[in-house]
Amino acid sequence: MNEHLAYVRRQQAERVMQALRKNRMQPYYAATAAEVAPLVKSLVPQGACVAMGGSMTLAECGVESLLRGGDYRLLDRYAPGLSREEGERIMREAFFCDWYFSSTNAVTEAGELYNVDGNANRVAALAYGPANVCIVAGINKIVPDLAAAQRRVKETAAPANTHRLGCATPCAKTGKCENCTGPGRICCTTLVLQQQRAENRIKVILVGEELGY
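Residues numbered from 1 in each chain as written. Predicted model: local features only at pLDDT ≥ 70, side-chain atom pairs only at ≥ 80, totals over all residues. Heavy atoms only, no water.

**Student:** Can you walk me through the overall build of the protein in this structure?
**Tutor:** When helices and strands are tallied, the protein shows 8 helices and 10 strands. In terms of C-alpha radius of gyration, the protein reaches 17 Å, essentially the compact-globule figure of 17 Å for 213 residues. If one aligns the C-alpha atoms of the protein with their principal axes, the spans along those axes are about 45 × 40 × 35 Å. Relative to its 213 residues, the protein shows a buried fraction of 47%. Of the roughly 10,600 Å² of accessible surface on the protein, a fraction of 49% belongs to carbon and sulfur atoms. Side-chain charges in the protein split into 25 positive and 21 negative, and the spacing between the mean points of these groups amounts to 4 Å. (Helix = DSSP H or I, 4+ residues; strand = E, 2+ residues; numbered from the N terminus. Rg over C-alpha atoms; globule rule 2.2 N^0.38 Å. Buried < 20%, exposed > 50% of the residue type's maximum accessible area, 1.4 Å probe, protein only. Areas by Shrake-Rupley, 256 points an atom, 1.4 Å probe, with all protein chains shown as cover. Lys, Arg positive; Asp, Glu negative; His and termini not counted. Charge placed at Lys NZ, Arg CZ, Asp CG, Glu CD.)

This is how it looks when you write it as structure tokens:
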């Protein structure tokens, strides 16, 4: 990466990290995606019970592979051969894990995390349950405010994810939000994480590269 662009991205991340600290969240910075998995490994003790929400970011930066590597007890809702009932049981068990991993749909310059879910298992775990929550977000997820976060979901994150998942929603076809009401809708529950009562329960790793949607 060009050193000047890297500098600008680091300064942008530093401002957001300062806001996250004010909101009682613990921020970290990784200049590249390759630095994320080693950072996670330094934070999470071997043998910890871990779980994760669906995330292209976690796959792209190697965290998904790390969690499946054998050093942790992974509650894996994506394990092959699971029935629907087994998958739902694992999603509920995730509320009791030691570390829950996810990305975020957007992080505002005021240090707020904005997330929209279909099943709501991910936003539920972010809000309460797991002892530690670790959010990994590329620099592309930083937005000025909550209004921009909402636009980001409607214009980018939701259409990209419905297309990836093969959802039968209008946005999967048109590439933009159509305010659908069908059963395949993935924008059902919205969560805004602002100042936290449990200080540093939420860790946020900001990455100086674009990751996920």
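**Student:** Just checking my understanding: could you explain the nonpolar core for this structure?
**Tutor:** Soluble globular proteins: nonpolar side chains tend toward being buried together. Formed by 29 residues in total, the largest nonpolar core has its most connected members in Leu20, Tyr100, Leu113, Ile202, Val204 and Leu206. For this core, the elements supplying multiple residues, two or more each, are helix H1 (3-22), strand E2 (49-52), helix H6 (121-127), strand E7 (132-138), strand E9 (189-193) and strand E10 (202-207). Top contributing element to this core by residue count: H1, with 4 residues. Core analysis: the second largest hydrophobic core is formed by 23 residues, Ala30, Val50, Leu58 and Val63 among them. (Core = buried A, V, L, I, M, F, W, Y, C linked by side-chain atoms within 4.5 Å.)

**Student:** Looking at this structure, how should I read the sheet that holds E7?
**Tutor:** Remark on secondary structure: sheet strands pair via backbone hydrogen bonds, oriented parallel or antiparallel. Strand order in the open sheet formed by 6 strands is E1-E10-E7-E4-E2-E3, with parallel pairing between adjacent strands. Each edge of the sheet is formed by a strand with only one pairing partner; in this case those strands are strand E1 (26-30) and strand E3 (73-75). Each strand axis lies, on average, 25 degrees off the axis of its neighbour in the sheet, ignoring direction. Here 3 bridges tie E2 to strand E4 (residues 99-102), and the two strands are oriented parallel to one another. Its bridge partner lying in E4, valine 50 is registered against tryptophan 99. Contacts between H1 and the sheet are confined to E1 and E10, with E1 contributing the most and set at about 165 degrees to the helix. (Pairing = 2+ DSSP bridges. Axes fitted to C-alpha atoms, helices over the stretch in contact; angles between N-to-C directions. Contact = heavy atoms within 4.5 Å.)

**Student:** Any chance you could explain the state of the cysteines here in plain terms?
**Tutor:** Each disulfide is one covalent bond, formed between the sulfur atoms of two cysteines. Per the counting criterion, the structure on display carries 0 disulfides. The thiol of cysteine 177 is not disulfide-bonded; the next cysteine sulfur, from cysteine 187, is found 6.3 Å away. (Disulfide = S-S within 2.5 Å.)

**Student:** Honestly, helix H7 (residues 146-165) in this entry has me stumped. Any pointers?
**Tutor:** Since there are 3.6 residues in each turn of an α-helix, residues three or four apart along the chain are aligned in direction. The principal kink in H7, of about 45 degrees, is found at valine 153. Along H7, the residues classified as buried are Ala148, Ala149, Arg152, Val153, Ala157, Ala158, Pro159, Asn161 and Thr162. At its buried positions, H7 is contacted by strand E5 (106-108), strand E6 (113-117), strand E8 (142-143) and helix H8 (170-174). Two or three places before alanine 147, at the start of H7, stands the capping residue aspartate 145, its side-chain oxygen 3.3 Å from that residue's backbone nitrogen. Where H7 terminates, the next one or two residues include glycine 166, which has phi positive at roughly 70 degrees. (Bend = angle between axes of the 7 residues up to and from the residue. Polar contact = N/O pair within 3.5 Å; in protein donor to acceptor, adjacent residues only side chain to side chain.)

**Student:** Is there a simple way to think about the packing of aromatic side chains in this case?
**Tutor:** What describes a pair of aromatic rings is the distance from one ring centre to the other and the angle between the planes of the rings. This model, assessed by the stated rule, comprises 1 aromatic pair. The ring of tryptophan 99 carries the charged tip of lysine 203 above its face, separated from the ring centre by 5.0 Å. (Phe/Tyr/Trp six-rings, centres within 6.5 Å; stacked < 30°, edge-to-face > 60°. Lys NZ or Arg CZ within 6 Å of the ring centre and 35° of its normal.)

**Student:** What am I meant to see in the side chain of asparagine 105 here?
**Tutor:** Relative to the elements of secondary structure, asparagine 105 occurs in the loop between E4 and E5. Discounting chain neighbours no more than four positions away, the residues touching asparagine 105 are Tyr114, Asn115, Val116, Arg122, Lys141, Arg152, Val153 and Ala157.

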